[in-house]
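# Per-entry structural report
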Amino acid sequence: MTPAKAAPYEPGELITAASKLGMTLSSSQADSLQSYLRLIQKWTKTYNLTAVRDPADMVTHHLLDSLAVIAPLVRHLDKSGLATSARLLDVGSGAGLPGAVI
């Protein structure tokens, strides 16, 4: 069995991309996201978890898209005073990636 290709972004690049979305990722979090991406790559070959196959597209279409909602959501919750009591429904969007209904 061939190992899954490494993510096309180095941890530092993923951290930089996330910061452009208003997110702060630690090196450990970036490493965890890349490990998760490698698992998606591996299991998509067997179970067709996602139609996206290119590792670079997986970063932008899965990881960064999922992270993009966090900063605006936190700002909204902080502004509305709901930060500690808000509830979200994760309807999922495939491959274990979140799909939040706001």
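This text goes with the structure placed above it.
Keep in mind the model is a prediction, meaning the values are calculated, not measured.

## Examining the nonpolar core
- In this structure, Leu14, Leu25, Leu33, Leu64 and Leu67 are the most contacted members of the largest nonpolar core, which totals 17 residues.
- Listing elements by their share of this core, those giving two or more residues are helix H1 (11-20), helix H2 (27-47) and helix H3 (55-68).
- When residues in this core are grouped by element, the largest group, 5 residues, is from H3.

## So, the packing of H1 against H3
- Packing of H1 against H3 leaves a shortest axis separation of 10 Å and a crossing angle of 50°. The angle between H1 and H3 falls in the class oblique. Taken as a pair, H1 and H3 cross one another with a handedness that is right-handed. Facing H1, whose interface residues are Leu14, Ala17 and Ala18, H3 presents Val59, Leu63, Leu64 and Leu67.
- Of the residues assigned to the contact of H1 with H3, the class counts are 7 nonpolar, no polar and no charged.

## Focus on the side chain of Ser66
- Looking at the secondary structure, you find Ser66 in helix H3.
- Polar contacts involving the side chain of Ser66 include one to the main-chain carbonyl oxygen of His62, which spans 2.8 Å.
- Apart from residues lying up to four places away in sequence, Ser66 is in contact with Leu97 and Pro98.

What counts and what doesn't
Residues numbered from 1 in each chain as written. Predicted model: local features only at pLDDT ≥ 70, side-chain atom pairs only at ≥ 80, totals over all residues. Heavy atoms only, no water. Core = buried A, V, L, I, M, F, W, Y, C linked by side-chain atoms within 4.5 Å. Buried < 20%, exposed > 50% of the residue type's maximum accessible area, 1.4 Å probe, protein only. Helix = DSSP H or I, 4+ residues; strand = E, 2+ residues; numbered from the N terminus. Axes fitted to C-alpha atoms, helices over the stretch in contact; angles between N-to-C directions. Parallel < 35°, antiparallel > 145°, perpendicular 65-115°, else oblique. Left-handed = near helix turned anticlockwise from the far one by under 90°. Contact = heavy atoms within 4.5 Å. Nonpolar A, V, L, I, M, F, W, Y, C, P; charged D, E, K, R; others polar. Polar contact = N/O pair within 3.5 Å; in protein donor to acceptor, adjacent residues only side chain to side chain.

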